[in-house]
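# Analysis of the macromolecular model
Spelled out, the chains give:
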Amino acid sequence: MVARRADRLNALAQDLRAGGAGIEVLPADLATHDGITAVTDRLAAGDVRMLISNAGASGYAPLTEVDPADIDPLLTLNAVAPIRLVRAALPAMLAAGEGTIVTVASLLAFSAGSMEPPSRRTLYVAAKAATLGFTRTLACELAGTPVRVQVVCPGVVATEWNSGAGRAIPWAMSPEDVVSASLAGLRLGETVCVPGLEDQAAALDALLAAEIALLTGGNQPTLAARYTSPRA
């Protein structure tokens, strides 16, 4: 178990050990490159078969109000750390012929083109969209291997994240339900898990169709007509 606060990690470890679980505690701040290195060094031991990356911070603010010094830690925690951890754990999983990688992103990863943009969330949306794209692409890269990959994209969850704002929202999902959805999604072979989305397959099929249309339609040797008209 990895987190910044050793006291809380140790308290949780004590409870889990009382139930018979074997727990190793590694305090590390994944918003820092030193913290990431501490965890990747541990992963390099090669004995981890399931990696769950769910550390994150909102950093909600209009971009002009974000302290420039906060940009790197926010992007490091929300986007760089999951990639670095996967890179460290993956070789041993492939060598062992088994492994599972679960990364928690957010439903906001799909929100960049919304008609009502999520104000104050520019950095967060960028990071979670990167995590979503990384995981989907990695799943294609690992097709045919025994390593399973999943990205979980919940909506509002009733946890202490973002100063506990979700706990005051009546329609927030419980963290237990998010975990249940992720585990069930792994059994179903889902690369993308949106816990509250009823017809997920149809929505993702529509997304994939739109992506293919953009890729095939835009990858042309000539300009689109709108860029060559006299009024352009």
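In what follows, the accompanying structure is described. This one's a predicted model, so the numbers in the text were calculated from it and none came from an experiment.

Okay, the overall build of the chain next. In terms of helices and strands, the chain carries seven helices and six strands. Helices and strands in the chain line up, N terminus first, as β-α-β-α-β-α-β-α-β-α-α-β-α. Burial analysis of the chain (232 residues in total) assigns 32% to the buried set. In the chain, the share of contacts with a sequence separation of at least 24, taken over all contacts with a separation of at least 6, comes to 62%. Entry remark: accessible area of the chain is about 13800 Å², with carbon and sulfur atoms responsible for 58%. On the chain, the mean spot of the 17 positive side-chain charges and the mean spot of the 22 negative ones are 2 Å from each other.

Strand order in the open sheet formed by four strands is β3-β4-β5-β6, and the pairing between neighbours is parallel. For this open sheet the edge positions go to β3 (50-53) and β6 (192-193), each flanked by a neighbour on one side alone. In this sheet, strand β4 (residues 99-104) lies alongside β3 in parallel orientation, the contact comprising four bridges. Bridged to L51 within β4 is I101.

Turning next to the side chain of S182. Structurally, the position occupied by S182 is in helix α6 (residues 175-188). Within the local environment of S182, its side chain forms a polar contact with the side chain of Q150, the two groups lying 2.6 Å apart. Setting aside anything within four residues of it in sequence, one finds S182 in contact with V102, Q150, V152 and C193.

Before going further, it helps to examine the packing of helix α3 (residues 68-96) against helix α4 (residues 122-141). Put simply, α3 and α4 touch, their axes get as near as 8 Å, and they point 15 degrees apart. One element, α3, and the other, α4, form an angle in the roughly parallel class. In this structure, α3 crosses over α4, and the sense of that crossing is right-handed. In this structure, α3 contributes I71, L74, L75, N78, A79, I83, V86 and L90 to the contact, and α4 contributes L123, Y124, A127, K128, A130, T131, F134 and L138. When grouped by side-chain class, the residues that make up the contact of α3 with α4 number 13 nonpolar, two polar and one charged.

In this section: the pairing of β4. Where burial is concerned, most of β4 is hidden: five out of the six residues are buried. At this point the chain moves from β3, through α3, to the parallel β4, and the crossover so formed is right-handed.

By secondary structure assignment, the location of K128 is in helix α4. No salt bridge is formed by the buried K128. Its closest oppositely charged neighbour is D29, at 13 Å. Leave out the neighbours within four places in its chain, and K128 touches A55, N78, V104, A105, S106 and A109.

So, about the pattern of salt bridges. All told, the structure shown has five salt bridges when counted by the stated rule. Between R8 and E160 there is a salt bridge, with the nearest N and O atoms lying 2.9 Å from each other. Of this pair, R8 sits in helix α1 (residues 6-18) while E160 sits in the loop between β5 (147-152) and α5 (161-164); the two residues are 152 residues apart in sequence, bridging distant segments of the chain. Classification of R8 by relative accessible area gives partly exposed; the value is 41%. Taking the shortest distance from any N to any O, the salt bridge between R42 and D47 comes out at 2.9 Å. We classify R42 as partly exposed; its relative accessible area is 24%.

Tallied over the entire structure, the rule returns one aromatic pair. Aromatic pair Y60 and Y124: ring centres 5.6 Å apart, planes at 85 degrees, arrangement edge-to-face. Taken together, the positions of Y60 in the loop between β3 and α3 and Y124 in helix α4 put the pair 64 residues apart, joining distant regions of the chain.

In this section: the environment of T135. Inspection of the secondary structure assignment puts T135 in helix α4. On the basis of relative accessibility, which here comes to 1%, the residue T135 falls in the buried class. Measuring from C-alpha to C-alpha, the distance between T135 and V149 comes to 7.0 Å, with 14 residues separating the pair along the chain. The residues contacting T135, other than those within four sequence positions of it, are T103, V149, Q150, V151 and T191.

Glancing now at α1. For α1, built from 13 residues, the straight-helix expectation of 18 Å at 1.5 Å per residue is met to within 8% by its first-to-last C-alpha distance of 18 Å. G20, located one to two residues past α1, shows a positive phi value of around 100 degrees.

Cut-off values and rules
- Residues numbered from 1 in each chain as written.
- Predicted model: local features only at pLDDT ≥ 70, side-chain atom pairs only at ≥ 80, totals over all residues.
- Heavy atoms only, no water.
- Helix = DSSP H or I, 4+ residues; strand = E, 2+ residues; numbered from the N terminus.
- Buried < 20%, exposed > 50% of the residue type's maximum accessible area, 1.4 Å probe, protein only.
- Contact = heavy atoms within 4.5 Å.
- Areas by Shrake-Rupley, 256 points an atom, 1.4 Å probe, with all protein chains shown as cover.
- Lys, Arg positive; Asp, Glu negative; His and termini not counted.
- Charge placed at Lys NZ, Arg CZ, Asp CG, Glu CD.
- Pairing = 2+ DSSP bridges.
- Polar contact = N/O pair within 3.5 Å; in protein donor to acceptor, adjacent residues only side chain to side chain.
- Axes fitted to C-alpha atoms, helices over the stretch in contact; angles between N-to-C directions.
- Parallel < 35°, antiparallel > 145°, perpendicular 65-115°, else oblique.
- Left-handed = near helix turned anticlockwise from the far one by under 90°.
- Nonpolar A, V, L, I, M, F, W, Y, C, P; charged D, E, K, R; others polar.
- Right-handed = clockwise from strand over helix to strand, strands pointing away.
- Salt bridge = Lys/Arg side-chain N within 4 Å of Asp/Glu carboxyl O.
- Phe/Tyr/Trp six-rings, centres within 6.5 Å; stacked < 30°, edge-to-face > 60°.
- Expected span 1.5 Å × (residues − 1).

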